[in-house]
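Each chain, letter by letter, is given below.
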Amino acid sequence: MSQLFSTVSLGELTLDNRIVIAPMCQYSAEAGNATAWHRIHLGQLSFSGAGLMIIEATAVEDIGRISPGDLGLWNDDNEAALKTVLEDVRRYSSIPVGIQLGHAGRKASCAVPWEGGKQIAPDAGGWQTVAPSALSYSADEVKPLAMSIDDLQRVKQAFVDSAHRAVRLGIELIEVHAAHGYLLHQFLSPLSNQRSDEYGDSLENRMRFPLEVFKAVREAVPASVPVGVRISATDWVEGGWEIEQSIAFSRELEALNCAYIHVSSGGLSEDQKISVGPNYQVPFSRDIREQVSIPVIAVGLITEPQQAEGVLQQGDADLVALARGILYDPRWPWHAAAVLEGKVQVPPQYLRSEPHDVKGILTQDQ
């Protein structure tokens, strides 16, 4: 039997298979509110047959958005808009739905990628950003404000409040975003965190705020809702955050009842030097998996079914996540099931689409 199509548990949530739809920013919200785009986007992915679908990075406060088009979950309007989208998705699909909660920190207030992605100045429709230290991502950007202790408490509470909203929406899993150069990653990396208080300098101090945020979210939601963390295993910059520190961070998270570690990399510095190729991040997930007992998710240019199966069979990860690949091929799990003799659940309206030479891979979603 294919390991990719075997069941797996993240905390108390059991998944039908080990294919995860990674969170992917769509930059298509209005004042943080989900729109018709999200209904179409999440709707089509909900028919993919993946074991889990994680909603894109969702801001816990308005200044935590990467762009003005980012999805949010900081107020009642955001919650109500996402509720209507999820109601429609759940009417036709039983796929477990998670959400990634995050804060962009110094990488906030940017134009959407197809409009260049550059920072929008406060006097041009953007806003003042915040960060662990007053260090900008790019030299030509407005410097962020170094966060005070009161700011830290406000943001931590914002994560908790958004987690409460997610639970009210019936979302089954929460992922805390501590990767890709956003706020919690900014606290972890010595390249962006140059504080001299208890939240900076040593590894223990740099991990303190991300761990406090995780602990607060974990304590705020029912035990039945797994809470995991996405990390960047390395900054790909000499002197920055790297795999040994990621292992230490993962161990601390495990001790706080973290459900899983989702292993990505990079995003903190313009100086990063990444050699991109198939499975280029998998060695990081393997290194972390060897040091923790909770599930580890691998992601990054895993594009072929046999490749994904190999990652699991070799013990490099417990689950495999797809992002760009599943946008390109929203039926990737169907095609993987055909290759690996697995099964996926689909709406009854789609059962007759099964090709004659791969009968038995499509089963009716309940």
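If you check an unreviewed UniProt entry, the protein appears there as NADH:flavin oxidoreductase/NADH oxidase from Candidatus Pantoea gossypiicola. Listed in UniProt under the heading Cofactor (unreviewed entry), the comment for the protein reads: "FMN".

Draft legend 1. Region of the structure containing empty space enclosed by the protein. In this structure the tally under the stated criterion is 2 cavities of 30 Å³ or more. Of the volumes computed, that of the largest cavity is approximately 70 Å³. The wall of the largest cavity is formed by Ala-57, Thr-58, Ala-59, Gly-64, Ile-66, Asp-70, Gly-102, His-103, Ala-104, His-177 and Tyr-182. The dominant element in the lining of the largest cavity, judged by the number of residues it contributes, is strand β4 (residues 52-59), at 3 residues. Classifying every residue of the lining of the largest cavity by side-chain character gives 5 nonpolar, 5 polar and 1 charged. In this structure, the second largest cavity spans a volume of roughly 40 Å³. Taken together, Ile-21, Ala-22, Met-24, His-41, Leu-42, Leu-45, Met-53, Ile-54, Ile-55 and Glu-56 make up the lining of the second largest cavity. Counting residues per element, the ones that place at least two in the lining of the second largest cavity are α1 (36-46) and β4. Counting residues per element, the lining of the second largest cavity draws most heavily on β4, which supplies 4 residues.

Draft legend 2. Representation of the UniProt feature "domain: NADH:flavin oxidoreductase/NADH oxidase N-terminal" (unreviewed entry) in the protein in the model. Listed under "domain: NADH:flavin oxidoreductase/NADH oxidase N-terminal" (unreviewed entry) in the UniProt record, and renumbered for this structure, are residues 3-337. Here residues 3-337 runs as 34% helix and 15% strand, with 11 Å between its end C-alpha atoms.

Draft legend 3. Region of interest: the layout of surface pockets. Here the largest pocket defines a volume of roughly 980 Å³. For the largest pocket, the lining is made up of 36 residues, of which His-180, Arg-230, Ser-264, Ala-323 and Arg-324 are closest to its centre. Residue assignment for the lining of the largest pocket shows that the elements contributing at least two residues are β12 (319-322) and α9 (324-328). Grouping the amino acids of the lining of the largest pocket by side-chain chemistry returns 20 nonpolar, 13 polar and 3 charged.

Draft legend 4. How the structure looks around the side chain of Ser-265. Residue placement: Ser-265 occurs in the loop between β10 (261-264) and α7 (282-289). Here the side chain of Ser-265 touches Trp-236 through a polar contact of 2.8 Å, side chain to side chain. Side chain to side chain, Ser-265 and Gln-281 meet in a polar contact 2.6 Å long. Not counting residues within four places of it along the chain, the set of residues in contact with Ser-265 comprises His-180, Ile-231, Ser-232, Ala-233, Thr-234, Trp-236, Tyr-280, Gln-281 and Phe-284.

Draft legend 5. A look at the packing of helix α8 (residues 305-313) against helix α10 (residues 332-340). At their nearest, the axes of α8 and α10 sit 9 Å apart, and the two run at 75 degrees to each other. Classified by the angle their axes make, α8 and α10 are roughly perpendicular. Of α10, the residues touching α8 (which contributes Pro-305, Gln-306, Ala-308 and Glu-309) are Trp-332, Ala-336, Val-339 and Leu-340.

Draft legend 6. Geometry of the nonpolar core. In this structure, Ile-174 and Phe-249 are the most contacted members of the largest nonpolar core, which totals 103 residues. When near neighbours in sequence (up to four residues on either side) are disregarded, Ile-174 contacts Ile-99, Leu-101, Ala-163, Ala-166, Val-217, Val-221, Val-225, Pro-226, Val-227, Gly-228 and Tyr-260. Counting residues in hydrophobic clusters, the runner-up holds 7 residues, among them Ile-66, Ala-104, Ala-108 and Val-112.

Rules used throughout
Residues numbered from 1 in each chain as written. Predicted model: local features only at pLDDT ≥ 70, side-chain atom pairs only at ≥ 80, totals over all residues. Heavy atoms only, no water. UniProt positions renumbered as here; feature names shortened; annotations may be inferred. 1 Å grid on protein atoms, 1.4 Å probe; cavity = no way out; pocket = protein on both sides within 12 Å on 5 of 7 lines; lining within 4 Å. Points joined across faces, edges and corners; volume = space filled by probe spheres on them. Helix = DSSP H or I, 4+ residues; strand = E, 2+ residues; numbered from the N terminus. Nonpolar A, V, L, I, M, F, W, Y, C, P; charged D, E, K, R; others polar. Polar contact = N/O pair within 3.5 Å; in protein donor to acceptor, adjacent residues only side chain to side chain. Contact = heavy atoms within 4.5 Å. Axes fitted to C-alpha atoms, helices over the stretch in contact; angles between N-to-C directions. Parallel < 35°, antiparallel > 145°, perpendicular 65-115°, else oblique. Core = buried A, V, L, I, M, F, W, Y, C linked by side-chain atoms within 4.5 Å. Buried < 20%, exposed > 50% of the residue type's maximum accessible area, 1.4 Å probe, protein only.

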